[in-house]
Amino acid sequence: MNWLVVGHGALASLWAHHLHANGESVSLITREPNTASSEEDFVLETNSEQQHQRLATTPWGQLDNATLQGAQLLIMVKAWQLDAVLQQLADVLAQGHARPNAVILSHNGLGAAEALVQRHPEWPLYDLVTTQGAWRKNPRHTVHAGQGESVIGPRQTATNNACAAPPAWFTPLANALPPLNWEPDILLRRWQKLAINCAINPLASLAGSSNQVLQDSQYNADIQAICAEVAAVADVVLGQGRLIAAELEARVYAVITATANNTCSMLQDLKQGNPTEIDYLNGYIVQLGVAYGIPTPVNQRLYGAVKALQV
Ligand SMILES: NC(=O)C1=CN([C@@H]2O[C@H](COP(=O)(O)OP(=O)(O)OC[C@H]3O[C@@H](n4cnc5c(N)ncnc54)[C@H](OP(=O)(O)O)[C@@H]3O)[C@@H](O)[C@H]2O)C=CC1
Ligand SMILES: CC(C)(CO)C(=O)C(=O)O
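Residues numbered from 1 in each chain as written. Chains lettered and ligands numbered in written order. Predicted model: local features only at pLDDT ≥ 70, side-chain atom pairs only at ≥ 80, totals over all residues. Heavy atoms only, no water.

1. Digging into the state of the cysteines
Under the definition given, this model contains zero disulfides. Of all cysteine sulfurs in the structure, the one in Cys 227 sits closest to Cys 198, which takes part in no disulfide; the separation is 8.9 Å. Assessed through its relative accessible area of 0%, Cys 198 is described here as buried. (Disulfide = S-S within 2.5 Å. Buried < 20%, exposed > 50% of the residue type's maximum accessible area, 1.4 Å probe, protein only.)

2. Focus on the site of ligand 2
Taken together, Asn 108, Lys 193, Asn 197, Ile 200, Asn 201, Asn 211, Val 255, Asn 262, Cys 264 and Ser 265 make up all the residues around ligand 2. Asn 197 has a polar side-chain atom sitting 3.0 Å from an oxygen atom of ligand 2. Here Asn 211 contributes a side-chain N or O atom positioned 3.1 Å from an oxygen atom of ligand 2. For ligand 2, whose free accessible area comes to 280 Å², the fraction covered by protein is 86%. (Near = heavy atom within 4 Å. Polar contact = N/O pair within 3.5 Å; in protein donor to acceptor, adjacent residues only side chain to side chain. Areas by Shrake-Rupley, 256 points an atom, 1.4 Å probe, with all protein chains shown as cover.)

3. What about the environment of Asn 274?
Residue placement: Asn 274 occurs in the loop between α9 (265-271) and α10 (282-292). Classification of Asn 274 as partly exposed rests on a relative accessible area of 33%. Considered as a pair, Asn 274 and Thr 57 are 217 residues apart in the sequence and their alpha carbons are 25 Å apart. A distance of 3.2 Å separates polar atoms of two side chains, one belonging to Asn 274 and the other to Gln 272. (Helix = DSSP H or I, 4+ residues; strand = E, 2+ residues; numbered from the N terminus.)

4. So, the site of ligand 1
In the region of ligand 1, 23 residues are neighbours, and Trp 60, Gln 88, Asn 108, Ala 134 and Glu 277 sit closest. Trp 60 places a side-chain nitrogen or oxygen 2.8 Å from a nitrogen atom of ligand 1. One of the side-chain nitrogen or oxygen atoms of Gln 88 is found 2.7 Å away from a nitrogen atom of ligand 1. Summarising the interface, the protein chains cover 81% of the accessible area of ligand 1, which totals 900 Å² for the free molecule.

5. Here we look at the pairing of strand β1 (residues 2-6)
Among the five residues of β1, four are classified as buried, and the element is accordingly described as predominantly covered. Two strands pair when backbone bridges link them, and β1 and strand β2 (residues 25-30) are joined in this way by five bridges, in the parallel orientation. Note that in β2 the partner of Val 6 across the bridge is Ile 29. On the question of chirality, the crossover connecting β1 to the parallel β2 by way of helix α1 (residues 10-21) is right-handed. (Pairing = 2+ DSSP bridges. Right-handed = clockwise from strand over helix to strand, strands pointing away.)

6. Observations regarding the sheet that holds strand β5 (residues 72-75)
If you walk across this open sheet you meet the 11 strands as β8-β9-β3-β4-β2-β1-β5-β6-β7-β10-β11, and the pairing is mixed. If you trace the sheet from one side to the other, it starts and ends with β8 (133-138) and β11 (180-182), each paired once. Taking each pair of neighbouring strands and ignoring which way they run, the sheet shows an average axis angle of 30°. For strand β10 (residues 150-154) and β11, the ladder comprises three bridges, and the chain directions are parallel. (Axes fitted to C-alpha atoms, helices over the stretch in contact; angles between N-to-C directions.)

7. A short note on the packing of helix α7 (residues 220-237) against helix α11 (residues 297-309)
It is the contact of α7 with α11, at a shortest axis distance of 8 Å, that shows an interaxial angle of 110°. What the angle tells us is that α7 and α11 run roughly perpendicular. Here Asp 222, Ala 225, Ile 226, Glu 229 and Val 230 of α7 come into contact with α11, specifically with Pro 297, Val 298, Asn 299, Arg 301 and Leu 302. Residue classes in the contact of α7 with α11 are distributed as six nonpolar, one polar and three charged. (Parallel < 35°, antiparallel > 145°, perpendicular 65-115°, else oblique. Contact = heavy atoms within 4.5 Å. Nonpolar A, V, L, I, M, F, W, Y, C, P; charged D, E, K, R; others polar.)

8. With respect to the nonpolar core
Generally speaking, nonpolar side chains in soluble globular proteins are found buried as a group. The biggest cluster of nonpolar side chains holds 38 residues, and the ones touching the most others in it are Trp 191, Val 230 and Leu 243. Among the elements of the structure, α6 (186-207), α7, α8 (245-258), α9, α10 and α11 are those that each provide at least two residues to this core. Ranked by residues supplied to this core, first place goes to α6 with 10 residues. Residues within four places of Trp 191 in sequence aside, it is in contact with Leu 110, Val 230, Val 233, Ala 234, Val 237, Leu 238, Leu 243, Tyr 284, Ile 285 and Leu 288. (Core = buried A, V, L, I, M, F, W, Y, C linked by side-chain atoms within 4.5 Å.)

9. Some points on the pairing of strand β9 (residues 141-146)
Sheet topology note: the strand β3 (residues 38-46)/β9 ladder contains four bridges and is parallel. Along β9, the bridge assignment pairs Glu 45 with Val 143. Of the strand pairs in this sheet, β8 and β9 are connected by five bridges, and their pairing is antiparallel. Its bridge partner being in β9, Trp 135 is matched across the sheet by Val 143. Here β8 folds back onto β9, and the loop between the two strands holds two residues.

10. Some thoughts on the side chain of Asp 269
With respect to the helices, strands and loops of the structure, Asp 269 is situated in helix α9. Asp 269 sits in the buried class, given a relative accessible area of 5%. Residues within four places of Asp 269 in sequence aside, it is in contact with Lys 78, Asn 274, Pro 275 and Thr 276.

Set out below in structure tokens:
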């Protein structure tokens, strides 16, 4: 099968390596101003073992409708980068009549590129939520730092044409980097992950510490309030009782324990002077709270504090 993986960030490289190692046809869609498609050396490091692979690369400028026809696109970029990626995709698709099999999105947070997605109900969108952990030593060298698990399912909108049962491409994707399970209710899983990131990312970032710091009882009240606010907003957006605050809290503490030594992605972004995904985490909850008249004071405080740290 033909897999087009946008960029070669940490997660994108991880999945590209595993798909290629499993015999799938993979090409990385790069933003480098190359004039031609080529093959380049990439390294995936797992448990200190280095796996070298030559992966095909295709600059956006070379991507055409023939390549997109029947392909699966894997788009694993920061939430704030998604709009630009999907606009590039829309521009290429507008030049012909190609129909990709799947446009698979994976990022932290909710609400990214919503307006653009609404303008393209014909896109076969899927969301992938993962607890795999990866980081890049350099743009060609990715470290698989934490074995996790993933779920994928069709984007739930009123008009999308994604099927509810796993499509044919699901098996090769699941075989490439297991465990990957099919999840028809992926939106619920995204909200659960949203709550985890709304709690851990800003609190650990403002503490300037690994996730372990949140085991200190001084954070209990904030974690409890964040989960209660997310659940209250979800009551309106997802339906009453779909997220239970106490269950979210238990999930947050389980992830804090499982990722105690991690520097969360938000703190990494701040340390590197990069934009964070705060607008799509606590910012998203605050925005919905305002729209529906639900108070979200703790999310609002953390949103403001992280925004103040961003350069
Ligand atoms: N890494 C992890 O372990 C996990 C990450 N996540 C989430 O997954 C998402 C991706 O994370 P991660 O892989 O770490 O992020 P990275 O920043 O490592 O990867 C994003 C990559 O996408 C590239 N990119 C962005 N826009 C384009 C474009 N238009 N064309 C080509 N390439 C593009 C970026 O290039 P450039 O550098 O040039 O901007 C960058 O290399 C985030 O939302 C993150 O929060 C979730 C769970 C775990
Ligand atoms: C689960 C968690 C909080 C792990 O650090 C994460 O997703 C992140 O850092 O963005």
